[in-house]
2 protein chains.
Amino acid sequence: MSTDGKLGPNQRLIGVPGSRAALATPALVLDLDIFEQNLERMAEIFDGRPEGIRPHAKTHKCATIARKQMERGAYGVCCAKPGEAIALAEAGVRSLLLTSPVVDPYKVETLVGLRGGLDELIFAVDSERAVDLLARAAGTAGVVISVLIDVGVGNNRTGARSTEAAVALGRHITAHASLELLGMQCYAGHVQHIEDPVARDAEGRRVLEGIAATKAALTEAFGPLKIVSGGGTGSYDIDLEAKVFNEFQVGSYVFMDVEYNAVRPRGNAAWPFETSLFVQTTVVSANVEGRATTDAGYKSFAMDGPQPIVVSGAPEGTVYKFLGDEHGWVHLPEGAADLAAGDVLSCVTPHCDPTVNLYDVYHVVRGDMLVDIWPIEARGRNW
Amino acid sequence: MSTDGKLGPNQRLIGVPGSRAALATPALVLDLDIFEQNLERMAEIFDGRPEGIRPHAKTHKCATIARKQMERGAYGVCCAKPGEAIALAEAGVRSLLLTSPVVDPYKVETLVGLRGGLDELIFAVDSERAVDLLARAAGTAGVVISVLIDVGVGNNRTGARSTEAAVALGRHITAHASLELLGMQCYAGHVQHIEDPVARDAEGRRVLEGIAATKAALTEAFGPLKIVSGGGTGSYDIDLEAKVFNEFQVGSYVFMDVEYNAVRPRGNAAWPFETSLFVQTTVVSANVEGRATTDAGYKSFAMDGPQPIVVSGAPEGTVYKFLGDEHGWVHLPEGAADLAAGDVLSCVTPHCDPTVNLYDVYHVVRGDMLVDIWPIEARGRNW
């Protein structure tokens, strides 16, 4: 962000230092104090432990945030897709784990071609096809590529479907001189969002028992596993206790959202993480009593989750609904004073990851001051 | 798209001439033959009539498509947001109507600053604040800005809430020497997607009666209206018959989608428009019988509508579900042969507009040949 006082063309629409309230909306606003606190709290949980974190960059898609996570102890970052990894590598992030199988030869070749410029590049695989593509590309490039066996955990997303299948895939990997088997990965996505702590605990433990059995079989077949990676923001506490993983793919803790805020931590304690990410929106029409139309609709909030929650600019009890692609619809509580065109509201995002994917930049604030603008380099890089 | 046979870095991931099946997925694929047919059919409907179209660019966000619409008779294009209009103006589109009220002074100033380089720039307004901001910016810039009164049509989105309010707003507009009142606009969004033709017809006619009354009052107060703009793909036939509008803001006809395909035309006839837009996705994991995991989840399909429909690459009866941000989940019909990692599927988008907003480019095909790549200049420009 230019801070020399000279405004470039359209600078007022990009963001003028200090002017949080005057941002062109809808804008994705990151509260830096809370973000830094979330970063610090997750790091503290792992300080002095044998386990560590390799946070998932699919949440933030941002090289600046990846670097901050690594400066505070993260081993590297995870990426969901090749396009995401390529964007972050081009922006200087040097340690990447691809957590989804890559089965497109051009994607595999392009990623393997990045290896020389990186400190670490790891692939999760769950099929012989993925292994073969990787082995061929690594052989052609004359490099050795690190591989994890992706293990399915009952939610049928990706992964070897049984311990036997995982061991067989491991044998297929170790048969290739251009591949190095580093360990295993599994992500129990369905556990993360079980709101009730007792139910989440029970399902988390059930899943971990299966993972532990596969880990034991792989260790017997191939020796000690350097990486056993999994877990997320919604299960890190359960997973830490179980001592199955040595790396955690936590993601949403940096931002939090309506969905994660609804998940109750164990013992109904408070989360150590608070909401740092908001969509700022403006009332564009207020001609109906008790209602107001904002400028943020389906194109500004991901729609797979619950409704956004309004946290400033409107009275408590205000409900945010949608009026289509371009507009939101604020319903004020009974008796509240009407809003006016131009009023600015701040909302917690329903589901942070796909909402981030709708924006080009984070508008970074401290209190009411806009202090920086961070590009979201991997926005739209979902291939 | 480079067609000289030389491949730039990452060209295989961007798209190689001819290779539709080898696109890096998820990719947004536009079938050019069907797209051109849709363009032609809508144009033919208006050929020789006093009414015309000013298609809504919020659907496609693409200067190439805007130009093709204007080459085939469109007066110009509509934009939902200032950022969208600025992006299209920068890409050379010279006739723009802003259909949502703009109440941010910086946005108004920036748009008014574009006026000199455009053939036409029209604003819809629904509040005195919007009028005053526009009048001030136009006065400062020494230009006259064209204005439509945005009239609410019972769906409480934007617009003057009554005929009296519309007339009062008209008087406020004509009191400013820097503004020129061109007419009125109203968009009955809720009518467009009523699937039953008889119910849609009834609601469309009901809404049009109110619009006609407001039009009569505005004509009496201000003389003949040059522009009476409204309608959409789901109501153009009803609206044409009613002779209330002289301009139609049709949008989705260029692409069609699962939602619009579910709307039944009057008399249960066939739509003159066919689906031209698809999301191409690849199976990345196929370890579960009767299922397959694809690479297109919440970040690759807008989630406000129904499920995508698979039209190629999997047998009829295949159902597309979601497995989260990054993955889709294909359920094959009983007895069908399993898919394999690497298989490529094509899906109709549930709701075209917000899905387009997730992609940087259209991969333009004729049959199985990739023939062009069109940038989506206004992607993400929802401010």
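Residues numbered from 1 in each chain as written. Chains lettered and ligands numbered in written order. Predicted model: local features only at pLDDT ≥ 70, side-chain atom pairs only at ≥ 80, totals over all residues. Heavy atoms only, no water.

1. Some words on the overall build of chain A
When helices and strands are counted, chain A shows 12 helices and 17 strands. Relative to the 2.2 N^0.38 estimate, which gives 21 Å for 383 residues, the radius of gyration of chain A is 22 Å and therefore close to what a compact globule would have. When the backbone C-alpha atoms are referred to their principal axes, chain A occupies close to 70 × 50 × 40 Å. Relative to its full complement of 383 residues, chain A shows a buried share of 61%. (Helix = DSSP H or I, 4+ residues; strand = E, 2+ residues; numbered from the N terminus. Rg over C-alpha atoms; globule rule 2.2 N^0.38 Å. Buried < 20%, exposed > 50% of the residue type's maximum accessible area, 1.4 Å probe, protein only.)

2. Let's talk about the relation of the copies chain B and chain A
Between chain B and chain A, which share one sequence, the superposing operator has a rotation angle of 180° and an axial displacement of 0.0 Å; the RMSD is 0.0 Å. Look at the turn and shift together and you get a two-fold axis relating the two. No C-alpha of chain B lies nearer the rotation axis than that of B:Met303, which sits 2.6 Å from it. (Least-squares fit on C-alpha atoms with pLDDT ≥ 70 in both.)

3. Quick look at the pairing of strand β11 (residues 291–294) of chain B
Residue and element names in this part refer to chain B. The pairing of strand β10 (residues 277–285) with β11 spans 2 bridges and is antiparallel. The partner of serine 285 across the bridge, within β11, is threonine 293. Counting the residues in the hairpin turn of β10 and β11 gives 5 residues, including glycine 290, whose phi is positive at 80°. Pairing geometry for β11 and strand β14 (residues 328–331), over 4 bridges, is antiparallel. When the bridges of β14 are listed, arginine 291 appears paired with histidine 331. (Pairing = 2+ DSSP bridges.)

4. Looking at the packing of helix α6 (residues 128–141) of chain A against helix α7 (residues 163–174) of chain A
Residue and element names in this part refer to chain A. Interhelical geometry of α6 versus α7 gives an angle of 15° and a closest axis separation of 10 Å. Here α7 runs roughly parallel to α6, going by the angle between their axes. The interaxial crossing formed by α6 with α7 has right-handed handedness. Across the interface between the two elements, Glu128, Val131 and Asp132 of α6 pack against Leu169, His172 and Ile173 of α7. Taken together, the residues of the contact of α6 with α7 break down into 3 nonpolar, 1 polar and 2 charged. (Axes fitted to C-alpha atoms, helices over the stretch in contact; angles between N-to-C directions. Parallel < 35°, antiparallel > 145°, perpendicular 65-115°, else oblique. Left-handed = near helix turned anticlockwise from the far one by under 90°. Contact = heavy atoms within 4.5 Å. Nonpolar A, V, L, I, M, F, W, Y, C, P; charged D, E, K, R; others polar.)

5. Some points on the packing of helix α7 (residues 163–174) of chain B against helix α9 (residues 197–222) of chain B
All names here are of chain B. Axis separation between α7 and α9 bottoms out at 9 Å; the angle between their running directions is 35°. In this structure, α7 meets α9 at a crossing whose hand is right-handed. Within the contact between the two elements, α7 uses Thr163, Ala166, Val167, Gly170, Arg171 and Thr174 and α9 uses Ala213, Thr214, Ala217, Leu218, Ala221 and Phe222.

6. Some remarks on the UniProt feature "domain: D-serine dehydratase-like" (unreviewed entry) in chain A
According to UniProt, the "domain: D-serine dehydratase-like" (unreviewed entry) feature falls on residues 276–366 of chain A. Helix makes up 5% of residues 276–366 of chain A and strand 40%, and the two end C-alpha atoms of the span are 11 Å apart. (UniProt positions renumbered as here; feature names shortened; annotations may be inferred.)

7. Quick word on the domain arrangement of chain A
Residues and elements named next belong to chain A. Once the domains are mapped, chain A shows domain 1 (11–29 + 272–375) and domain 2 (32–255). With 18 residues of domain 1 in contact, the opposing surface of domain 2 contributes 24 residues. Counting each side, the surface lost to burial between domain 1 and domain 2 is near 1,800 Å², with a carbon and sulfur contribution of 58%. Interface area lost by domain 1 to domain 2 is led by Phe273, Arg366 and Trp374, which between them contribute 35%. Our count for the contact surface shared by domain 1 and domain 2 stands at 4 salt bridges. Here aspartate 353 makes a salt bridge to lysine 58, at a shortest N to O gap of 3.5 Å. (Domains from an automatic or database assignment. Buried area = accessible area lost by both parts, 1.4 Å probe. Salt bridge = Lys/Arg side-chain N within 4 Å of Asp/Glu carboxyl O.)

8. Side note on the sheet that holds strand β7 (residues 179–186) of chain B
Residues and elements named next belong to chain B. The 8 strands are arranged β2-β9-β8-β7-β6-β5-β4-β3 in an open sheet whose pairing can be described as parallel. The outermost strands of the open sheet, each flanked by one partner alone, are β2 (52–53) and β3 (77–79). Sheet topology places strand β6 (residues 145–150) next to β7; 6 bridges connect them, and they run parallel. Across the sheet, the residue bridging to valine 147 is leucine 181, located in β7. Helix-sheet contacts for helix α6 (residues 128–141) involve β5 (120–125), β6 and β7, and the interaxial angle to β5 is about 150°. Sheet strands touched by α9: β6, β7 and β8 (227–230). Its angle to β7, the strand with the most contacts, is close to 165°.

9. Some details on the interface of chain B and chain A
Every contact between the two is made by 63 residues of chain B and, on the other side, 63 residues of chain A. For the pair chain B and chain A, the summed buried area comes to about 5,200 Å², and 54% of that belongs to carbon and sulfur atoms. Of all residues in chain B, the largest losses of buried area upon contact with chain A belong to B:Leu13, B:Tyr106 and B:Lys299, amounting jointly to 13% of the total for that side. Between the two partners, chain B and chain A, sit 6 salt bridges. If you look at where chain B meets chain A, you find 28 residue pairs in polar contact (both at pLDDT 80 or more). Those elements that provide at least two residues to the side of chain B that touches chain A are α1 (11–14), α4 (82–90), α5 (105–114), β10, β11 and α12 (352–356) of chain B. It is β10(B) that contributes the most residues to the side of chain B that touches chain A, 4 residues altogether. Of the residues belonging to the side of chain B that touches chain A, the class tally is 22 nonpolar, 20 polar and 21 charged. (Polar contact = N/O pair within 3.5 Å; in protein donor to acceptor, adjacent residues only side chain to side chain.)

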